[in-house]
Every structure is written in structure tokens, then in C-alpha cells.
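Now for the letters of each chain:
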Amino acid sequence: MKRLFAFVILIISIATSYAQNSGSSFRTKADEAMAAKEYVKARYLYLKAYQAFVNNSNTADAIPCAVNVASLYHRENYYKEAFEILSSAERFLNSTEESSSKTQPALHYPIDRERQRMYLKLRNTERANEQLSRMKGWAEQASDSTLTIDLLSASAQQYYSLGLTDKGDAAVNSLIAFYQRNSDFDKAGECYKDLINMANNTGSARLISRAYDKYISWSDSIAGVKSDARVAAIQQQLDQANADIADRDSSLTTKTATIIGLCILAAILAGALIFVSILLLRYIALSRRQSKQITTLQSHNELKTRFISNITTQMKPTLDTLPQSLPAVQALHTFVGHIQELSNLESTLTNIYPTESTDITAFCRDITESIKDKLAPDVKMIVDTPKMTAPISQEPLTHVLTHLLNNAALHTPSGGKICLEVKKRGPHNIQFIITDTGTGMTPEKQNDLFIPFATVRDLTKGDGLGLPICSLMTIKMKGNLRLDETYTNGTRFIMELRP
């Protein structure tokens, strides 16, 4: 009986050891796949490692693997799978805590951290705030400086992304204060640079200006602290050298040589300090000039927008008094509307259009159907799209594609061909390509194609603002619109979106 019991214990020990070793092996291979940017393979291997660690009741290794799996699902926009693996990991962790009567906040934190990232990307502000609150509780329980730093960084990113700049500033200030208490000035400097990068990403001139001002003020104050520290260090070295010289009974020649060497060292250090100070002052001056330029440009843009709005508003009552049936009056009305639309787009260029998941094939067919009555006789309309759904901004995308197809129909003679193609160039890259076999464009027209008011026009034959408006709309859809200058059998426009 004792031998049987010992044999069972041995089998269990071997199985446990194998599960642990297989989990570590899968995790090592997953790390290698991540380094090679083989993300699908890495996700599969992390999932296998997670399952092996769960079978071995190893929470410390299982939870990070589960979070990596969720992050890779999230990267490909598979949110359902990402939330499911996090829920599975949380249930496993709760079960382990119940059996051991010991809470592990440091393992709960990364689960809620990944959820917070996903809710921010999904723009679910309420759930993102809820996860941030939970993260704060776990970080306080864990009393881990690493989690505290990550929490402050996550808070700053969330608040800035939601436009809560005051709260974002408070989180960044707390993070910088933490580094300054530990005299880690380089890390504090990196925080300010991250703040400037976040401001640049938002495109807010006010936030950019404030970020630069904060960095310049901090640089000015810390430069003095660093200079004092360096001078104190040099002074300490010099004092120690003098004390050593006084204590030694060596020859006068040795003492003199030592003093000269220390003086040269002090001169080199002083020179280096002066050189660094000059570079720092030049950088500060450049930053201030850039900040002033950004503020000036923003002010000019606001004045231009207000000026255009006032002009179009004042023109409308006069136009309303003219005979509306006249082509010139109708053209002026259209021109005023286009100017107002162009101005509004320029002033809201950083406000990205919201998206929704759409059947691309059906969407493109509906657009081409709407312009068939404008085709010349025997013009062939071709729609070439893969079966796919994608997050797009339907209304502005419909406007841009309809405008391009109408232009193609206008310039394609009888017997020609117009083609609308959709190509998926990557997980976050979609191209809409409109090609016609029409008359094409001269090089002169190509140069000014997307520039408003580049030439004087007869407004009854079009104001030339359609393509500039389409270009700005495409930017607000996180994309770009361009003419394929290599295509010579007509005209081809390529609109590339990165939803």
C-alpha cells in the first residue's frame, strides 16, 4: 500500500513538472515570436503557455501570458476574444485567491490595465474610468512603485485622450514629482517629452504651447540644480585632493603635479559645464520660438476662419435678392456654400469622424447605383471589392466617392469604362481606387488639383473646390487622397484610409 501511494505521488510530481516545463517552453517561444513580430504565432503560443500554467495552478506565470494574449487580440481588433481571455484569467485568479485566502493585487492590476486600453480605444469612457479606478485600488494594495508609475502614466494618457487636460497635468506632475524625489532627472525629462508628444498627437495648439512652457520652466529650474550639483562635486573632489596633499609627506614636486592635474580636471569639467549650458540655452530659445510660432499660426487660422465666415454670411442676403433662376446666381450660392464648408473643415481638421462597421461590398454598390443615370451611353461601370466589413465613416466617405465618380462620369465618353476598386493593404489600411478612361488631366491641372483658389474660374462651370473639400474630409477620416500621376489612360484617384 505504501509503495502504491509513493508511486501515485511520483506520477503527480512528474505531471506537475512537465506542465510547468511545457508552459515555460511555450512562453519562451512566444517571446521569440513577438521579437520577430510574428504576432499570430505569438498569440497562439502565449495561449498554450497560459493553459499549461493554469493546469499547474501557477497564477504568477499564467496571468501575464493571458494579458499578452488579450493584447494581441486587441491589436487585431478582436475585442470579444480579448475580453473573454481576460475574464477567464480573472476567474482563475479569484479561484486561486479563495483557496489560498490571499489576495494578489499585483496580478489583478495588468488585467484591468489591458481592459482600460481597450475601452479607451472603443471610446467607452464610463468603462475606462471604472477600470482606472480599479487599477488605483490594486496599485495601493500592492504598494509597488512600478505599478504606481504605470498608474500615473495610464491616468495621464486617459485624461489627455478624453480632453481632461487639468487632470492629465495633475497625473504628469505627480509622476515627475516621484522621479524628482528620487533625483531621477532624466526620467522626469522623459515625462515632459511624452507630454509634448501627446500634445502633438492631439493637434491642440493650446496644449502644445502649455506642454512646451512647462518643459521650459522645468528645464530652467533643473539646470540650476544640476549645475550646483556638478559644482559641488567638483568642489568636493578639489577639497579631497587638497586634504590628501596636506596629509602626505611626499615631495614638493609630487604635490605640485597633483595640484596641477586637479586644476586641469576642474577646468575641463568647468568647460564641459559651460558647453552644456550653452547648448541647453540654445535649445530653450528654439523651443520658445517654436511655441510662439505655433501660437501665432493658430491665431491666424482662427482669424481667417472668422473672416471667411463673415464674408459668406454678408454675401447671402445680397444673393437672395437676385433672380434665383440665373445660372450665375446659382453658381454663387454653390460657391458660398463650398467656401463655408472648406473653412469649417480646416478649423475642425483634428476632429476625426466617428466610424461604424460596414459591409464594404454593399456600400460600394449603393454608391455606384446612385450615379448610373449620369453615365454616357455604353459606359461600363465596374465594382471590384472583396467580401469584407470595415470600420468607416459612411457619410463623408459617400460624399468623397460620389464626387470622384461624378467627375469620372462627366469626363468619360461613350463606350468608356469606370472602375471602383477596394483593396485591403493590411489590418489597418484600405484603399478605394477610382479609375476612368476619360480625357485625363494636363500637368498644369494636376499641380493645383487639391489647392483651393489656385486659378481664376468661371463659377458657372464649377468653382474647383470639390477636390480640396474631399481631401480635407479624407484627412478627418484618418487617410489621404491623391492622384495617380503614373496612370495615363484617363484619370485615377487613390484614397487610402487607416481606420
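Residues numbered from 1 in each chain as written. Predicted model: local features only at pLDDT ≥ 70, side-chain atom pairs only at ≥ 80, totals over all residues. Heavy atoms only, no water.

Undergrad: Sorry, what's going on with the nonpolar core here?
TA: In globular proteins that are soluble, nonpolar side chains generally tend to be buried together. By size, the foremost hydrophobic cluster in this structure holds 42 residues, and its most contacted members are Ile 360, Leu 397, Leu 401, Ile 418, Phe 432 and Met 495. Here the element with the most residues in this core is helix H14 (residues 394-411); it accounts for seven residues. Among residues more than four places away in sequence, those in contact with Leu 397 are Phe 363, Ile 392, Phe 432, Met 477, Met 495 and Leu 497. With 30 residues, the next largest nonpolar core counts Leu 72, Tyr 79, Ile 111 and Tyr 119 among its residues. (Core = buried A, V, L, I, M, F, W, Y, C linked by side-chain atoms within 4.5 Å. Buried < 20%, exposed > 50% of the residue type's maximum accessible area, 1.4 Å probe, protein only. Helix = DSSP H or I, 4+ residues; strand = E, 2+ residues; numbered from the N terminus. Contact = heavy atoms within 4.5 Å.)

Undergrad: When you look at the sheet that holds strand S6 (residues 479-483) in this model, what are you seeing that I'm missing?
TA: Hydrogen bonding along the main chain pairs the strands of a sheet, whether they run parallel or antiparallel. If you trace the five strands from one edge of the open sheet to the other, you get S2-S4-S5-S7-S6, paired in mixed fashion. The sheet terminates laterally at strand S2 (380-384) and S6, the two strands that pair on one side only. The average angle at which neighbouring strand axes cross in this sheet is 15 degrees, direction not considered. Pairing of strand S5 (residues 429-436) with strand S7 (residues 491-497), which is carried by seven bridges, proceeds in the antiparallel orientation. Within the sheet, the bridge partner assigned to Phe 432 lies in S7 and is Met 495. Where helix H16 (residues 466-476) meets the sheet, it contacts S6 and S7, and its direction lies at approximately 145 degrees from that of S6. (Pairing = 2+ DSSP bridges. Axes fitted to C-alpha atoms, helices over the stretch in contact; angles between N-to-C directions.)

Undergrad: Would you explain the side chain of Thr 385 in this entry?
TA: With respect to the secondary-structure elements, Thr 385 resides in the loop between S2 and strand S3 (389-392). A polar contact is formed between the side chain of Thr 385 and the side chain of Thr 361, at a distance of 3.1 Å. Ignoring sequence-local partners within four residues, the contact set of Thr 385 consists of Thr 361, Cys 364 and Val 422. (Polar contact = N/O pair within 3.5 Å; in protein donor to acceptor, adjacent residues only side chain to side chain.)

Undergrad: Help me understand the packing of aromatic side chains in this model?
TA: What characterises a pair of aromatic rings is the spacing of the ring centres plus the angle enclosed by the ring planes. Counting across every chain of the model gives three aromatic pairs. Ring centres 6.4 Å apart and planes at 80 degrees place the aromatic pair Phe 450 and Phe 493 in the edge-to-face group. You can see Phe 450 sitting in the loop between helix H15 (443-447) and H16 and its partner Phe 493 sitting in strand S7, a full 43 residues away along the chain. Directly above the ring of Tyr 39 sits Arg 75, whose terminal nitrogen or CZ lies 3.7 Å from the centroid. Positioned above the aromatic ring of Tyr 353 is the side chain of Lys 476, whose terminal nitrogen or guanidinium carbon lies 4.9 Å from the ring centre. (Phe/Tyr/Trp six-rings, centres within 6.5 Å; stacked < 30°, edge-to-face > 60°. Lys NZ or Arg CZ within 6 Å of the ring centre and 35° of its normal.)

Undergrad: Help me understand the packing of helix H6 (residues 125-142) against helix H7 (residues 145-161), please; the structure alone is not making it clear to me.
TA: Helix-helix packing is characterised by the crossing angle of the two axes and by the distance between the axes. Across the interface, H6 lies against H7 with an axial gap of 9 Å and an inter-helix angle of 165 degrees. As judged from the angle between their axes, H6 and H7 are roughly antiparallel. Crossing handedness for the pair H6 and H7: left-handed. Taking contact as the criterion, the partners of Ala 128, Asn 129, Leu 132, Met 135, Lys 136, Ala 139 and Ala 142 in H6 are, on H7, Leu 147, Leu 151, Ala 154, Ser 155, Gln 158 and Tyr 159. In terms of residue class, the contact of H6 with H7 is built from nine nonpolar, three polar and one charged. (Parallel < 35°, antiparallel > 145°, perpendicular 65-115°, else oblique. Left-handed = near helix turned anticlockwise from the far one by under 90°. Nonpolar A, V, L, I, M, F, W, Y, C, P; charged D, E, K, R; others polar.)

Undergrad: Could you clarify how one ought to interpret the packing of helix H5 (residues 105-121) against H6 in this entry?
TA: Orientation of H5 relative to H6, taken along the N-to-C sense of each, is 160 degrees, at an axis distance of 8 Å. When the interaxial angle is binned, H5 and H6 end up roughly antiparallel. Every pair of crossing elements has a handedness; the one defined by H5 and H6 is left-handed. Mapping the contact onto sequence places Pro 105, Ala 106, His 108, Tyr 109, Asp 112, Arg 113, Arg 115, Gln 116, Tyr 119 and Leu 120 in H5 and Arg 127, Ala 128, Gln 131, Leu 132, Arg 134, Met 135, Trp 138, Ala 139, Gln 141 and Ala 142 in H6. Across the contact of H5 with H6, the residue classes break down as 11 nonpolar, four polar and five charged.

Undergrad: What am I meant to see in the pairing of S3 here?
TA: Within a regular beta strand, the side chains point alternately toward one face of the sheet and then the other, so they alternate between its two faces. Across the two faces of S3 the burial differs, with Ala 390 and Ile 392 buried and Thr 389 and Pro 391 not buried at all. Of the pairings in the sheet, the one linking strand S1 (residues 356-359) to S3 comprises four bridges and is antiparallel in character. Paired with Asp 359 across the two strands is Thr 389, which belongs to S3.

Undergrad: What am I meant to see in unusual backbone geometry here?
TA: Only a minority of non-glycine residues have a phi that is not negative, and only a minority of peptide bonds are not trans. The phi torsion at Asp 378 lies on the positive side, around 65 degrees, for a residue other than glycine. Summarising the element assignment, Asp 378 is placed in the loop between helix H13 (360-370) and S2. Positioned with a positive phi, Lys 478 is a non-glycine residue whose angle comes to about 60 degrees. Looking at where Lys 478 falls in the secondary structure, it is placed in the loop between H16 and S6.

Undergrad: Looking at this model, I keep getting lost on a positive patch on the surface. Mind explaining?
TA: Taken together, the side chains of Lys 121, Arg 123, Lys 478 and Arg 498 present a region of like positive charge at the surface. Along the chain, Arg 123 falls in the loop between H5 and H6. (Patch = residues over 30% accessible without salt bridge, like charges linked within 9 Å, V, L, I, M, F, W, Y side chains within 5 Å. Areas by Shrake-Rupley, 256 points an atom, 1.4 Å probe, with all protein chains shown as cover. Salt bridge = Lys/Arg side-chain N within 4 Å of Asp/Glu carboxyl O. Lys, Arg positive; Asp, Glu negative; His and termini not counted. Charge placed at Lys NZ, Arg CZ, Asp CG, Glu CD.)

Undergrad: What is the right way to read a nonpolar patch on the surface from this model?
TA: Residues Ile 260, Ile 264 and Ile 268 make up a contiguous nonpolar surface patch of about 290 Å² in total accessible area. Checked against the element boundaries, Ile 260 lands in helix H11 (residues 252-320).

Undergrad: Would you explain the pairing of S5 in this entry?
TA: A large share of S5 lies buried, amounting to eight of its eight residues. Because side chains alternate across S5, one face comprises the buried residues Asn 429, Gln 431, Ile 433 and Thr 435, and the other comprises Ile 430, Phe 432, Ile 434 and Asp 436, equally buried. Bridge count between strand S4 (residues 417-426) and S5: eight bridges; the pairing is antiparallel. From the neighbouring strand, Ile 418 faces S5, where its bridge partner is Asp 436.

Undergrad: Explain the pattern of salt bridges to me, please; I cannot follow it from the model alone.
TA: It is possible for side chains bearing opposite charge to pair when their charged atoms get close. Tallying each qualifying case throughout the model produces 13 salt bridges. A salt bridge links Asp 150 to Arg 113, with the shortest nitrogen-to-oxygen separation between them at 2.9 Å. Taken together, the positions of Asp 150 in helix H7 and Arg 113 in helix H5 put the pair 37 residues apart, joining distant regions of the chain. Residue Arg 113 is classed as buried on the basis of its relative accessible area, which comes to 7%. Overlapping salt bridges, with partners in common, bring together Glu 90, Asp 112, Arg 115 and Arg 134 in one network.

Undergrad: I keep staring at the side chain of Glu 496 and nothing clicks. Help me out?
TA: Considering the arrangement of structural elements, one finds Glu 496 in strand S7. Engagement of the side chain of Glu 496 in a polar contact is seen with the side chain of Asn 429, the distance being 2.8 Å. With residues near it in sequence (within four places) discarded, Glu 496 still touches Asn 429, Ile 430, Gln 431, Lys 478, Gly 479 and Asn 480.

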